[in-house]
Number of protein chains: 2
Amino acid sequence: MTALPGPVSPPPRLLMGPGPISAYPSVLRAMSSELVGQYDPFMTATMTETQELYRQVWGTANEATLLVDGTSRAGIEAALISLIRPGDRVLVPVFGRFGHLLAEIAERALGEVHTIEVPWGQVFPVSAIEEAVVRVKPHLLALVQGDTSTTMLQPLEDIGALCARHGVLFYSDATASLGGNPFEADAWGLDAATAGLQKCLSGPSGSAPVTLSERAVEVIGGRRRIEAGIREEGDEDAPDFIRSNYFDLGMILDYWGPRRLNHHTEATSMLYGARECARLMLIEGRDAVMARHRLHGEAMLAGVQGLGLVVFGDVAHKMTNVVAVEIPEGVDGDAARSAMLADFGIEIGTSFGPLHGRVWRIGTMGYNARKDAVLTTLACLEAVLRRHGASVPSGGGVDAALDVYAGAGA
Amino acid sequence: MTALPGPVSPPPRLLMGPGPISAYPSVLRAMSSELVGQYDPFMTATMTETQELYRQVWGTANEATLLVDGTSRAGIEAALISLIRPGDRVLVPVFGRFGHLLAEIAERALGEVHTIEVPWGQVFPVSAIEEAVVRVKPHLLALVQGDTSTTMLQPLEDIGALCARHGVLFYSDATASLGGNPFEADAWGLDAATAGLQKCLSGPSGSAPVTLSERAVEVIGGRRRIEAGIREEGDEDAPDFIRSNYFDLGMILDYWGPRRLNHHTEATSMLYGARECARLMLIEGRDAVMARHRLHGEAMLAGVQGLGLVVFGDVAHKMTNVVAVEIPEGVDGDAARSAMLADFGIEIGTSFGPLHGRVWRIGTMGYNARKDAVLTTLACLEAVLRRHGASVPSGGGVDAALDVYAGAGA
């Protein structure tokens, strides 16, 4: 580098992919708030307040509700490495890329991992999960709620009761779904759930909301290890201590809890951002936010169908906040996507593994679950499709979406 | 919570503790910049640019220079868990709390950990480290550069050559020291080094700059494991794969490198902030930043001595950016510290373990390595000391600091 670069100056983007998506303006403002010290009364009060906000976001009374400092994947690893002892059986139903990720992280934790799979684009019937639970007798069931790789939303309502009947811990990764699709940690019997900010919560990646049931906290509490530097007389290690310091949720709980034992230095700006994401959701109202995601998701779905695009997967089990469409025959998917970004400033996504280059994924999440964002995206996509050789009905996308809005009185 | 809280609104604070400290204003501005997509050309260019900035910060040509998304402790764990195979011998010279932390994290990685210790307030002579290297024959030497718990700065200049002679990998945690004290990754023969933003780099906690030598990258490359979800034919796992997905530096390098393999979703706002921290340091100039930390550290040292306070530890080996002073007999240390914060808005710190309640730690770092910050802190500390029962020379702190500035023509 010969000359030093100037201040960061991102180009204007409308992020309509599978996430990350554009942040709410007030979340960005919160991110630039002044820092305070780690044990400043304002800091600890903000942590406590943020915990309470996320209890409402998760639908839980769990005391153990907190943030892990890292991306959504950090939250997943913290939950799995804290709950899975080496050799523990873990069942992972896989219906997309992120199921594979849960299996992979559980394998790194030296769990004995069993997977069941359905073809991409489908979800599991409860009976298939119960059959596997009975057969595998896992310590933990790890299940993605919404897998952005396929856009599918796995129903979780009845899984907690199933797990309780069989004495299985129930964990779900709600990264892609939380805030845009119902999630009821207590009513659905979750023992652990994790997420990120960069999807429907409409914040930056880098903070992972986590909630843990009392049963999960007990398992974690049985795996205690105290840092030598702050160890006191009488403190003893569990033989099965967690093989990570950073992701030891017991230690993180001691930092977020009344003992306030020093662990990491909480990422203050991310805390401010995470707090604002939850606050905005609760000010709008959980039900209203879900309804908004449903409405704009339906408008986008109708719009892409109105453009003549074929929707991928079982639409009845689609997340509200993202739709996958098959790239039309003859269209260079990456070139069209690049044109959307370079010429129109709008980002849409491709997918992973078997779907890479075969589908585009279009999101309607958080701040961008908005009428103008949906209509602009459809109008521009029509233009790009036409210039890339597809035959598209003029105005078909925008008209279909406007019909949905008219029907909803929106 | 009956009513929802308002937008985050931190109280004004002058953070003069051992860190986190106040961020540079332009770092806070960078944090609120608009988000872009994960593979937006602007995003990948910003990642590449940030890598080059941190090469200059670290004093290295290491291709493998990147950020880990998490606090400084995440960077430490990523380095240690990626470099230490279960059973590997690890030598940790401990001269404060953060040496214990390195030992603890190495133990979680199932390394065979050997420690040597000096009393808090001292550092190791090279000969003591060499003696231990010869005796233990470690795979890795893990050594803190600056341990804020004691304020000591371990000289590293000759340790790399020692490690090279004995075929030992050399890792250093420079969290507290980087940016305020010289660090030359290449000239000093480092194989791995990690830091955080919240000390002399003057940004928020939550991003960990990491640099790795080619030798370290080779060790990590030998421990490869590919996620099932993005695995391709012919990809095979190493038997000794890294027991973490999130901290697998091989995977993180594949994301930061030209292959751009999807791993986590990079924390965009933290990236913006980290980039700005490095950019400000390089615009001011590395040498000028060091000189500034040295000057204001000397002024603060003279100031606290001018107030009649006894400095803790071996002053010849003190970091430039923090000083520890014994709490005067008869003064309630926590009450005085609380008064500094509540009445004057100035934060100073206490310490850990054997020094808790025995010393205060006062920092002069990053944005707050400034004349007005030093003088204000000394004037207010004098007032607080007097009101808490200490006998202090009137104006003794400010006068002594001003003498240092006058002597330096500052």
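As named in an unreviewed UniProt entry, chain A is Purine catabolism protein PucG, taken from Microbacterium lemovicicum. Recorded under Sequence similarities (unreviewed entry), the UniProt text for chain A is reproduced unchanged: "Belongs to the class-V pyridoxal-phosphate-dependent aminotransferase family."

This part is about the pairing of strand S3 (residues 89-94) of chain A. Working note: regular strand, side chains alternate between the two faces of the sheet. All names here are of chain A. With respect to burial, S3 is a largely interior element, five of its six residues being buried. One ladder, built from six bridges, connects S3 with strand S4 (residues 112-117); its direction is parallel. The partner of Leu91 across the bridge, within S4, is His114. With helix H4 (residues 97-108) bridging S3 and the parallel S4, this β-α-β connection has right-handed handedness. In this structure, S3 lies alongside strand S5 (residues 140-144), joined through two bridges in parallel fashion.

Between chain A and chain B, the residue contacts involve 85 residues of the former and 85 residues of the latter. Across the interface of chain A and chain B, roughly 7,200 Å² is buried in total on both sides, 61% from carbon and sulfur atoms. Looking only at chain A, the three residues that lose the most surface to chain B are Val8, Leu35 and Arg108 of chain A, adding up to 11% of its buried area. Here Asp248 of chain B makes a salt bridge to Arg108 of chain A, at a shortest N to O gap of 2.8 Å. Here chain A and chain B share 36 residue pairs in polar contact (both at pLDDT 80 or more) between them. In terms of residue count, helix H9 (residues 268-284) of chain A provides more of the side of chain A that touches chain B than any other element does, nine residues in total. Along the lines of polarity and charge, the residues of the side of chain A that touches chain B split into 40 nonpolar, 24 polar and 21 charged.

Time to look at the relation of the copies chain A and chain B. By a simple turn and slide, chain A fits onto chain B: the slide is 0.0 Å along the axis, the RMSD is 0.0 Å, and the turn is 180°. What the superposition gives is, in effect, a two-fold axis relating one chain to the other. The rotation axis passes nearest to the C-alpha of Gly70 of chain A in chain A, at a distance of 2.3 Å. Most of the interface of chain A is mirrored in chain B: 100% of its interface residues are interface residues there too.

Once that is clear, we can look at the sheet that holds S4 of chain A. Residues and elements named next belong to chain A. Strand order in the open sheet made by the seven strands is S2-S10-S9-S8-S5-S3-S4, with mixed pairing throughout. Both outer strands of the open sheet, strand S2 (64-69) and S4, are each paired with one neighbouring strand and no more. Each strand axis lies, on average, 20° off the axis of its neighbour in the sheet, ignoring direction. Docked against the sheet, helix H2 (residues 41-58) engages S2, strand S9 (192-194) and strand S10 (207-212), running at close to 105° with respect to S2. Across the face of the sheet, H4 comes into contact with S3, S4, S5 and strand S8 (169-173) while running at roughly 165° to S3.

In this section: the pattern of salt bridges. Residue and element names in this part refer to chain A. Tallied over the entire structure, the rule returns 40 salt bridges over all chains. The salt bridge involving Arg135 is made with Glu131; its shortest N-O contact spans 3.2 Å. Taken as a pair, Arg135 and Glu131 lie in helix H5 (residues 126-136) at a separation of four residues, close to a single helical turn. The exposure class assigned to Glu131 is partly exposed, which follows from its relative accessible area of 43%.

What follows covers the sheet that holds strand S8 (residues 169-173) of chain B. All names here are of chain B. A sheet is described by the order of its strands in space; here seven strands give the open sequence S2-S10-S9-S8-S5-S3-S4, paired in mixed fashion. Sheet topology places strand S2 (64-69) and strand S4 (112-117) at the edges, where each strand pairs with a single neighbour. Pairs of neighbouring strands in the sheet enclose a mean axial angle of 20°, with direction left out of account. Both strand S9 (residues 192-194) and strand S10 (residues 207-212) contribute to a ladder of three bridges, which runs antiparallel. Residue Ala193 lies in a different strand from S10, and its bridge partner there is Thr211. Lying over the sheet, helix H5 (residues 126-136) contacts strand S3 (89-94), S4 and strand S5 (140-144), oriented at roughly 160° with respect to S3.

Once that is clear, we can look at helix H2 (residues 41-58) of chain B. Residues and elements named next belong to chain B. The end-to-end C-alpha separation of H2 is 26 Å, in line with the 26 Å expected for 18 residues at 1.5 Å each. Those residues of H2 that sit buried are Met43, Thr44, Thr46, Met47, Thr50, Gln51, Leu53, Tyr54, Arg55, Val57 and Trp58. Buried residues in H2 make contact with S2, S9, S10, helix H8 (249-256), helix H9 (268-284) and helix H10 (286-306). Positive phi shows up at Gly59, right after H2, with a value of about 70°.

Take empty space enclosed by the protein next. Evaluated as defined, the whole model comprises five cavities of 30 Å³ or more. In this structure, the second largest cavity encloses a volume near 50 Å³. Around the second largest cavity sit Arg243 of chain A together with Ile81, Ile84, Pro86, Arg108, Ala109, Leu110, Arg223 and Arg243 of chain B, which together line it.

The subject of this paragraph is the domain arrangement of chain A. All names here are of chain A. Here chain A is partitioned into domain 1 (23-282) and domain 2 (286-407). Taking only C-alpha atoms into account, the centre of domain 1 sits 30 Å from that of domain 2. For the pairing of domain 1 and domain 2, the buried interface totals around 2,300 Å² over both sides, and the portion due to carbon and sulfur atoms is 64%. Contact with domain 2 buries area across many residues of domain 1, yet Trp120, Thr151 and Met281 alone supply 24% of it, more than any other trio. For the interface between domain 1 and domain 2, the tally reads 14 residue pairs in polar contact (both at pLDDT 80 or more). Those elements that provide at least two residues to the side of domain 1 that touches domain 2 are H2, H4, strand S6 (146-147), strand S7 (152-153) and H9. Ranked by residues supplied to the side of domain 1 that touches domain 2, first place goes to H2 with three residues. Considered class by class, the residues forming the side of domain 1 that touches domain 2 number 17 nonpolar, 13 polar and four charged.

For the rest of this paragraph, the subject is the packing of H10 of chain B against helix H12 (residues 371-387) of chain B. All names here are of chain B. Where H10 contacts H12, the axes come no closer than 10 Å and their chain directions differ by 15°. It follows from the interaxial angle that H10 and H12 lie roughly parallel. Where H10 crosses over H12, the handedness of that crossing is right-handed. In contact with His296, Ala299, Met300, Gly303 and Val304 of H10, H12 contributes Lys371, Val374, Thr377 and Leu378.

This part takes up the UniProt feature "binding site: substrate" (unreviewed entry) in chain A. Residue and element names in this part refer to chain A. Under the present numbering, the feature "binding site: substrate" (unreviewed entry) in UniProt falls on Arg361. Relative to the assigned elements, Arg361 resides in strand S13 (residues 359-363). At a separation of 2.6 Å, a polar atom in the side chain of Arg361 contacts the main-chain carbonyl oxygen of Thr148.

Rules used in this analysis
Residues numbered from 1 in each chain as written. Chains lettered and ligands numbered in written order. Predicted model: local features only at pLDDT ≥ 70, side-chain atom pairs only at ≥ 80, totals over all residues. Heavy atoms only, no water. UniProt positions renumbered as here; feature names shortened; annotations may be inferred. Buried < 20%, exposed > 50% of the residue type's maximum accessible area, 1.4 Å probe, protein only. Helix = DSSP H or I, 4+ residues; strand = E, 2+ residues; numbered from the N terminus. Pairing = 2+ DSSP bridges. Right-handed = clockwise from strand over helix to strand, strands pointing away. Contact = heavy atoms within 4.5 Å. Buried area = accessible area lost by both parts, 1.4 Å probe. Salt bridge = Lys/Arg side-chain N within 4 Å of Asp/Glu carboxyl O. Polar contact = N/O pair within 3.5 Å; in protein donor to acceptor, adjacent residues only side chain to side chain. Nonpolar A, V, L, I, M, F, W, Y, C, P; charged D, E, K, R; others polar. Least-squares fit on C-alpha atoms with pLDDT ≥ 70 in both. Axes fitted to C-alpha atoms, helices over the stretch in contact; angles between N-to-C directions. Expected span 1.5 Å × (residues − 1). 1 Å grid on protein atoms, 1.4 Å probe; cavity = no way out; pocket = protein on both sides within 12 Å on 5 of 7 lines; lining within 4 Å. Points joined across faces, edges and corners; volume = space filled by probe spheres on them. Domains from an automatic or database assignment. Parallel < 35°, antiparallel > 145°, perpendicular 65-115°, else oblique. Left-handed = near helix turned anticlockwise from the far one by under 90°.

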